[in-house]
Amino acid sequence: MSVTEYDVVIIGAGVAGLTAGALLSERGFNVALVTKGEPTACLSTGCIDVCSQNKNPLSGIRNLPREHPYNLIPEKMIKESLCLFQSDMNDAGLPYIGSSDENRSVLSALGTSKISCLIPSAMAAAPQENNNGSIHIITFKGLKDFYPGYIVSRRGSTKFSVYDAGVSTTMSLASRFEEKAFFEKFIAWLEKQTIHEEMIAFPAVLGMESATDIVNTISILTRKPVFEIPTIPPSMPGRRLFNALKKNFRQKGGVIYWAWPVAGTEKTGRVMEAVSTNSAGRPNSINAKAFILGTGSFVGGGLTATRATIEENVFDLPVHIPGPRETWFDNDYFSRNHGIGKAGIMTDAFMRPLDSPWKNIFVCGSILANAEVLKNGCGHGLALATAHAAAQSCSEYLSHEL
Amino acid sequence: MNYEHCIRCTICVENCPVFRVNPDFPGPKQAGPDAQRFRSEREKAQDDWVLLCSQCKRCEMACPCGVEPAQIILKAQQRYGNEHPQTPAHLLFANNYYLSALGSLTAPIANWAASTRLGKMIFRNMGIATYLPFPKFRFRTMRNEKKMLNKGRKKVAFFHGCFINFYRPDIGRKIIRLLVSMNVDVVLPPQWCCGLPALGNGNLSLARHFARKNAESLSNYIDAGYDIVYTCTSCGLCLLHDYPGILEIPQGKKIAENSYDLHEYIINLMNEEYVKPQFRTVNRKIAYHIPCHLRAMGIGYPAQKLMAQIPGVELEVLDESCCGLSGSYGFKKENASTAIQIGNRAVSLIRRTKMENIVSDCGSCRMQLGGLSGMPAFDPAEILCEAVLPATSPENFHTDS
């Protein structure tokens, strides 16, 4: 069995795992991150929802039920985690605007408003509350899953035009926008359009790593506010966020093991010592002094529901189950009140799992019990805040142990 | 096959390099799990677009549900290959091993012929793209190396793979010197093409033929106490993943359990304190392009760990892009434009790093990225040799780069 030793192993490559990993690497710890696949963050709009229940996200958090995991984190740390995220993303070339004092609106592909806290700058110019300004949407011939008609039906003054880019998926369009020759040709077409509306919007396909620059360039050229509208997956803003977090983690010294689903663990007494995977050929194991679990809930692969119960997939930690199976689901499919949203891992204030012997496992992100991220609109925000708390406890634990 | 586990989340599609640039390919979700529901044993395969998949396996890396789109497509490719006549290019690349063996025996003539206008015209007429210069055959392949026995406690049977053997035996010799300098015995077991090119060109029976021969040879060495070390990450993935998997080789499991990536092996030697290499300063700024098949192996990036220990090395890891060549994939005329577009994207990300050298474990990645960018491209073992081996070699090895 090949063995490698780290200070910390992070399990899960989502917003929580990559953030906790970057923090610990920055503090000088030797950090490895293992992941089965890519995170659900790639499917997201890339916006950081902190708490969308209230105009002010922090007041929203204060009104959450007592058992919500946000209540384990001091408000100061929640704010710091958002500020640090903004400065890290700025360094990674993906600036975010907004602050923890006020939520903002993002125009959705259905023409409704999505409420979120930190917004990629490419979406920043979207009309805020009570702004009924006219929008001109530029979409692409054959682009699946984006229909300006939905937006026109909700905002009467909206017009749209269609550009034939020769390709018709979000991935291929974003790729084309990274090519200089394509962008120049597109700009030449755009300059010939007469646009009377006040703002210009695009489905979020304006490049991958250059999105911010592309939006700025178009805005300067047309002398109008320009913004992107997030699409359903494949979602480019989600992938840009994932890429930027990954870059930040690596720059701080972390290493990533892909195709590494944890299949086994080694432990002594109250200490978890290693995780292993059945990689091609032979089991591969990684030793560490501490572990951070950020595997997400059901879709992310952290939890599995069976007919009878709900299991945590890596360390077999005790799972908080909201009640008997009849209470797991609401009759209305689109309800935000499915009981199963409360399932997850309960922790103490140090983010250590309750009712389990392990003193060197720290939990963060949407796997936490009672998070109800859909209902509360708190996915990535909770991931950032709890990643800070888990990294803080983990680093105190390690300094104490060493 | 787990195609029913697909929740249609499209993360695989986001990761497909071909889908991004070639509208004719429906993407891993549709070509894999979606189409699988409609594939019937009773009807002749009609899905010729499965041949557009380059088998980079990035979709499998991304899937959160354990569906293996590339594996589903690979099986569909084998079936299509079995039920339809093979094009000359597919036949040629499946038999790449024999072709290269001939090329090496007649290296000066073969290289000259391949570089002439007539040669290129013949290539193009056979469906072979000529945007990259065809790699140069080497007269003196690895076969001619003698055994390097120092009575070390560790014994390695080196699976060099076709690329090293026929085109860059100099790198193969450096790797042998590197291992010998770490007090490891190295032998070259009788070996053939790993079988991956045949598999990639839809020729399952030929792939199995190669695999059986290798398995018999390697298995004997394992029984005699040797560890198998490979350097080509695609050969490695084939040994570890396809021998016990789709190729159903009886000794597959044993081979997979005893085969190591070169750098993984060196790290193990260091972990066991068998060696304590002293790294000299190497002043190089390196963009380390991770081959898709190394990423798929689930062993992390061992060469990154080693290079990071070399003083003077400045390293940036790039694993977001496929190089596009994918072995023989990009050499087929119908795939050339796809391969060039994918490759240019990888090159633009490399240029953003402002590094001066490309390093990659895979020979075909180096060929593609070096060719498209004009930057020097090295094997990580070459960087390691610069840091470990004395500048002038005691063994008087002939290097021909």
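Please refer to the structure placed before this passage.
Heads up: these notes are all about the structure in this document. Bear in mind that the values here come from a model prediction, so they are computed numbers and not experimental data.

Comments concerning the overall build of chain B
Turning to step 1, where the next piece is worked out: When its secondary structure is counted, chain B shows 21 helices and eight strands.
Turning to step 2, where the next piece is worked out: Relative to the globule expectation of 21 Å for 401 residues, the C-alpha radius of gyration of chain B, 21 Å, shows essentially globular dimensions.
Turning to step 3, where the next piece is worked out: When its C-alpha atoms are laid out on the principal axes, chain B stretches across 60 × 45 × 40 Å.
Turning to step 4, where the next piece is worked out: Taken across its 401 residues, chain B has 64% of its residues classed as buried.
Turning to step 5, where the next piece is worked out: With an accessible surface of roughly 16,000 Å², chain B has 52% of that area assigned to carbon and sulfur atoms.
Turning to step 6, where the next piece is worked out: Once the 46 positive and 36 negative side-chain charges of chain B are each reduced to a mean point, those two points are 5 Å apart.

Things to note about the sheet that holds strand S7 (residues 357-359) of chain B
Residues and elements named next belong to chain B.
Turning to step 1, where the next piece is worked out: Taken in spatial order, the four strands make up an open sheet running S6-S5-S7-S8, and their pairing is parallel. With partners counted over all chains shown, the strands left at the sheet margins are strand S6 (313-318) and strand S8 (377-378), one partner each.
Turning to step 2, where the next piece is worked out: Judged from the two bridges that link them, S7 and S8 form a sheet pairing that is parallel. Across the sheet, residue valine 359 finds its bridge partner in S8, namely phenylalanine 378.

Some thoughts on the interface of chain B and chain A
Turning to step 1, where the next piece is worked out: Every contact between the two is made by 41 residues of chain B and, on the other side, 42 residues of chain A.
Turning to step 2, where the next piece is worked out: In total, chain B and chain A occlude about 3,300 Å² of area from one another, counting both sides; carbon and sulfur atoms represent 49% of this.
Turning to step 3, where the next piece is worked out: The three residues of chain B that bury the most area against chain A are Glu14, Arg20 and Arg345 of chain B, which together make up 18% of that side's buried surface.
Turning to step 4, where the next piece is worked out: Counting the contacts that link chain B with chain A gives six salt bridges.
Turning to step 5, where the next piece is worked out: Along the lines of polarity and charge, the residues of the side of chain B that touches chain A split into 19 nonpolar, 12 polar and 10 charged.

What about the packing of helix H8 (residues 107-115) of chain B against helix H9 (residues 117-125) of chain B?
Residue and element names in this part refer to chain B.
Turning to step 1, where the next piece is worked out: Here H8 crosses H9 at 75°, and the two axes come no closer than 4 Å. The pairing of H8 with H9 is recorded here as roughly perpendicular in orientation. Facing H8, whose interface residues are Ala113, Ala114 and Ser115, H9 presents Arg117, Gly119, Lys120 and Phe123.
Turning to step 2, where the next piece is worked out: A per-class count over the contact of H8 with H9 returns three nonpolar, two polar and two charged.

Comments concerning the sheet that holds strand S8 (residues 159-163) of chain A
Residues and elements named next belong to chain A.
Turning to step 1, where the next piece is worked out: Here four strands make up an open sheet; going across it, the order is S8-S7-S9-S10 and the pairing parallel. Edge strands, defined here as strands with exactly one partner in the open sheet, are S8 and strand S10 (226-229). In this sheet, neighbouring strand axes are inclined to one another by 30° on average, regardless of whether the strands run parallel or antiparallel.
Turning to step 2, where the next piece is worked out: As paired elements, strand S7 (residues 135-140) and strand S9 (residues 199-203) share three bridges and run parallel to each other. Bridged to histidine 136 within S9 is isoleucine 200.

Thresholds, definitions, all that
- Residues numbered from 1 in each chain as written.
- Chains lettered and ligands numbered in written order.
- Predicted model: local features only at pLDDT ≥ 70, side-chain atom pairs only at ≥ 80, totals over all residues.
- Heavy atoms only, no water.
- Helix = DSSP H or I, 4+ residues; strand = E, 2+ residues; numbered from the N terminus.
- Rg over C-alpha atoms; globule rule 2.2 N^0.38 Å.
- Buried < 20%, exposed > 50% of the residue type's maximum accessible area, 1.4 Å probe, protein only.
- Areas by Shrake-Rupley, 256 points an atom, 1.4 Å probe, with all protein chains shown as cover.
- Lys, Arg positive; Asp, Glu negative; His and termini not counted.
- Charge placed at Lys NZ, Arg CZ, Asp CG, Glu CD.
- Pairing = 2+ DSSP bridges.
- Contact = heavy atoms within 4.5 Å.
- Buried area = accessible area lost by both parts, 1.4 Å probe.
- Salt bridge = Lys/Arg side-chain N within 4 Å of Asp/Glu carboxyl O.
- Nonpolar A, V, L, I, M, F, W, Y, C, P; charged D, E, K, R; others polar.
- Axes fitted to C-alpha atoms, helices over the stretch in contact; angles between N-to-C directions.
- Parallel < 35°, antiparallel > 145°, perpendicular 65-115°, else oblique.

Nothing here speaks to function; it is geometry throughout.
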